[in-house]
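# Notes for the structure review
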Amino acid sequence: SQPTTLYQQLGGDKGVSMITDDFLVNLSQDKRILHHFEQTDIQIFRQRLIEHLCVVSGGECVYQGASMYNAHIGLHISQADFDAVVGHLIEALKQQHIPLATRNALLAELAPLYQDIIEH
Ligand code: HEM
């Protein structure tokens, strides 16, 4: 049998979609960072997030968005903004009953991206 990928542990296509939807609801309730998304087409953003989470977790998807560096250029995102967004993702993972070890494995893949996302 094949080893399970992190993507499978997140629930595959359906799981990643549901995590993304919970994440977007959590984000939409956060006044600290909502202003960053005033111009955003949420349906497209949602699709890019799903693809990105899929690729980061080892799923067989094609990410059609910009690099993390280019996607966040000129946004002046702080470390606090980054931590807040990651916090909303952690909440979404908990809402979808993703176990701690799986949550931490995903966060370990995302954490290094801060270098491409903050303060530029
Ligand atoms: C682990 C952290 C993060 C990940 C994985 C991530 C991922 C992404 C992805 C996949 C896109 C889509 C790029 C595209 O459409 O080409 C995006 C866009 C964006 N992100 Fe992030 N992001 C993160 C953190 C943040 C933070 C902390 C902020 C600000 C508070 C932020 C604000 C934005 C904005 C404003 C966009 C553009 C949305 C638009 O199309 O209008 N991101 N991000």
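Residues numbered from 1 in each chain as written. Predicted model: local features only at pLDDT ≥ 70, side-chain atom pairs only at ≥ 80, totals over all residues.

Looking up the protein in an unreviewed UniProt entry gives the name Group 1 truncated hemoglobin, with the organism given as Shewanella frigidimarina. In UniProt, the protein has this text filed under Sequence similarities (unreviewed entry): "Belongs to the truncated hemoglobin family. Group I subfamily." (UniProt positions renumbered as here; feature names shortened; annotations may be inferred.)

## Quick notes on the packing of helix α2 (residues 12-28) against helix α5 (residues 79-95)
At a closest axis distance of 8 Å, the pairing of α2 and α5 adopts a crossing angle of 130°. By the angle between their axes, α2 is oblique relative to α5. You can see that α2 and α5 cross each other, and the crossing is right-handed. Side by side, α2 and α5 meet where I19, D22, F23, N26 and L27 of the first sit next to V85, H88, L89, E91, A92, L93 and Q95 of the second. (Axes fitted to C-alpha atoms, helices over the stretch in contact; angles between N-to-C directions. Helix = DSSP H or I, 4+ residues; strand = E, 2+ residues; numbered from the N terminus. Parallel < 35°, antiparallel > 145°, perpendicular 65-115°, else oblique. Left-handed = near helix turned anticlockwise from the far one by under 90°. Contact = placed C-beta atoms within 7 Å.)

## Section: the site of the ligand
Near the ligand you find 22 residues, and of these T40, H52, G65, A66 and A71 are the closest. Mapped by element, the contributors of at least two residues to the shell around the ligand are α3 (42-56) and α5. Taken together, the residues that form the shell around the ligand break down as 14 nonpolar, six polar and two charged. (Near = placed C-beta within 6 Å. Nonpolar A, V, L, I, M, F, W, Y, C, P; charged D, E, K, R; others polar.)

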